[in-house]
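Chain and residue survey
So the chains spell out like this:
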Amino acid sequence: MNAQQHISILGSGNIGLSLAKGLVKKGICKPQQISLTRRNVAALAQYAEQGYHVSDNNLRAVRKADIIVLAVLPQQLNKLLDEIKPSLKPDKQLLISVISGVSCADIRQHLDLNVQVIRAMPNTAIAIGHSMTCIATDNGTNKNINMTKSLFDTVGVTIQINEELMTSATALCACGIAFFLRSIRAASQGGTEIGFHAHDALKMAAQTAKGAADLLLQLASHPEQEIDKVTSPSGCTIAGLNEMEHHGFSSAMIKGIRLSAEKAGDLYKKDS
Ligand SMILES: NC(=O)C1=CN([C@@H]2O[C@H](COP(=O)(O)OP(=O)(O)OC[C@H]3O[C@@H](n4cnc5c(N)ncnc54)[C@H](OP(=O)(O)O)[C@@H]3O)[C@@H](O)[C@H]2O)C=CC1
Ligand SMILES: O=C(O)[C@@H]1CCC=N1
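First, a word on scope: everything that follows refers to the structure included in this document.

Basis of the calculations
- Residues numbered from 1 in each chain as written.
- Chains lettered and ligands numbered in written order.
- Predicted model: local features only at pLDDT ≥ 70, side-chain atom pairs only at ≥ 80, totals over all residues.
- Heavy atoms only, no water.
- 1 Å grid on protein atoms, 1.4 Å probe; cavity = no way out; pocket = protein on both sides within 12 Å on 5 of 7 lines; lining within 4 Å.
- Points joined across faces, edges and corners; volume = space filled by probe spheres on them.
- Helix = DSSP H or I, 4+ residues; strand = E, 2+ residues; numbered from the N terminus.
- Nonpolar A, V, L, I, M, F, W, Y, C, P; charged D, E, K, R; others polar.
- Domains from an automatic or database assignment.
- Pairing = 2+ DSSP bridges.
- Axes fitted to C-alpha atoms, helices over the stretch in contact; angles between N-to-C directions.
- Contact = heavy atoms within 4.5 Å.
- Buried < 20%, exposed > 50% of the residue type's maximum accessible area, 1.4 Å probe, protein only.
- Salt bridge = Lys/Arg side-chain N within 4 Å of Asp/Glu carboxyl O.
- Near = heavy atom within 4 Å.
- Areas by Shrake-Rupley, 256 points an atom, 1.4 Å probe, with all protein chains shown as cover.
- Sits in = over half its atoms within 2 Å of the grid points.
- Right-handed = clockwise from strand over helix to strand, strands pointing away.

The calculated volume of the second largest pocket comes to roughly 940 Å³. In terms of lining residues, the second largest pocket is bounded by 32 residues, among which Gly11, Ala71, Val72, Leu73 and Gln76 are the most central. A total of 3 residues in the lining of the second largest pocket trace back to one element, the largest contributor, which is helix H4 (residues 77–84). The residue makeup of the lining of the second largest pocket, split by class, is 14 nonpolar, 13 polar and 5 charged. Counting the residues that make up the lining of the second largest pocket, at least three belong to each of domain 1 (5–160) and domain 2 (167–264).

In structure tokens:
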């Protein structure tokens, strides 16, 4: 982004605010270049003090924006699109949507405008700059795709995918954070049962999970290759691992991800 450009985030909740903070923290833009909107504008008071433009007026935010980020819930989108349509300048503005289950074509169709739309699917680790963000579009230019990637690169890692895989990406990465958190919580509960205080067990389980993820990311190795290094013959690891598999550990994760993907494709009611 250059110093003259303005970004308006419509729907400044968890994801919208995390993106704004990431952009400022990484020096991509100043708070003065960002408008944040939500209906309960009082909840954004601390951001006004930091120099962000804060408002409940989406039309005004859209008028001054080069980039508009749609970050409301799927069921809140159509009302928002109806509201902002009169202020949109389709040939001059880029729409980025982080909304689950809504395609680029859905947005254009509802607006009845030929505006460029790019979808970005982050996860809540965006708050600490460690999001896995998937990016897809059906009509965005390479320039705008690169611009979107560079915005989300400030808050984690990005990957561009085909738009038809976006609901799958939602399940694997956006919902996936919750799945891994529940796994860590379960491990900590096991740790408490075998003798550790709950706070120690949670810390030990979380750091162990982090180590496992880093082994894969830093060494670019396969999980089974790393598992083989832990499982001593007739040892305690293979005993525990096999017991988990007898109870459907991998199967439960796979089935959960499949159901989340199905549901992610079903979150938006086009005619609402
Ligand atoms: N949470 C997650 O992990 C992820 C969420 N997403 C997607 O991101 C989107 C946002 O999720 P999340 O940030 O968690 O949700 P939040 O509920 O935290 O944020 C949505 C925000 O939109 C505001 N809002 C609602 N209607 C309007 C309106 N008409 N004009 C302006 N603001 C409005 C709400 O505030 P108020 O009520 O005050 O208006 C709220 O702050 C969703 O579509 C979700 O599917 C994508 C990836 C991950
Ligand atoms: O649960 C949800 O619907 C949202 C979308 C992905 C993560 N949270």
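Glancing now at the sheet that holds strand S5 (residues 94–97). The strand order across the open sheet built from 8 strands is S3-S2-S1-S4-S5-S6-S7-S8, with neighbouring strands paired in mixed fashion. Looking at which strands have only one partner, the edges of the open sheet turn out to be strand S3 (53–55) and strand S8 (156–160). Averaged over all neighbouring strand pairs, the angle between strand axes comes to 20 degrees, with direction disregarded. The strands that H4 touches are strand S1 (7–10) and strand S4 (67–70); relative to S4, the one it contacts most, it runs at about 155 degrees. Of the strands in this sheet, S4, S5, strand S6 (116–121) and strand S7 (131–137) are in contact with helix H5 (residues 104–111), which crosses S6 at around 135 degrees.

Next up on the list: the side chain of Asn144. By secondary structure assignment, the location of Asn144 is in helix H6 (residues 142–153). Its relative accessible area of 15% is what places Asn144 among the buried residues. Sequence-distant contacts of Asn144, defined by excluding residues within four places in its chain, comprise Leu94, Gln116 and Ile118.

Tallying each qualifying case throughout the model produces 3 salt bridges. One salt bridge in this structure joins Arg108 and Asp138, with 2.7 Å as the shortest N-O distance. Residue Arg108 is found in helix H5, and its partner Asp138 is found in the loop between S7 and H6; the two are separated by 30 residues along the sequence. Ionic pairing is found between Glu226 and Lys229, a salt bridge with its closest N-O pair at 3.1 Å. On the criterion of helical spacing, the pair formed by Glu226 and Lys229 is a turn pair, its members being 3 residues apart in helix H10 (residues 223–230). In this structure Lys229 comes out as exposed when scored by relative accessible area, which is 58%.

Looking at ligand 2, the residues that line it are Ser100, Thr170, Ala174 and Leu267. In the complex, the protein chains occlude 46% of the 250 Å² of accessible area that ligand 2 would expose alone. If you map ligand 2 onto the pockets, it falls in the second largest pocket. Here the residues of the shell around ligand 2 sort into 2 nonpolar, 2 polar and no charged.

With that out of the way, let us pick up the pairing of S5. Of the two faces of S5, the one lined by Leu94 and Ile96 and the one lined by Leu95 and Ser97 are each fully buried. The sheet contact formed by S4 and S5 spans 4 bridges and is parallel. Residue Val69 lies in a different strand from S5, and its bridge partner there is Ile96. A crossover connection joins S4 to the parallel S5 through H4; in handedness this β-α-β unit is right-handed. Relative to S6, S5 is paired through 4 bridges, and the arrangement is parallel. The residue of S6 that forms the bridge with Leu94 is Gln116.

Note that all results are geometric; they support no functional claim without further evidence.
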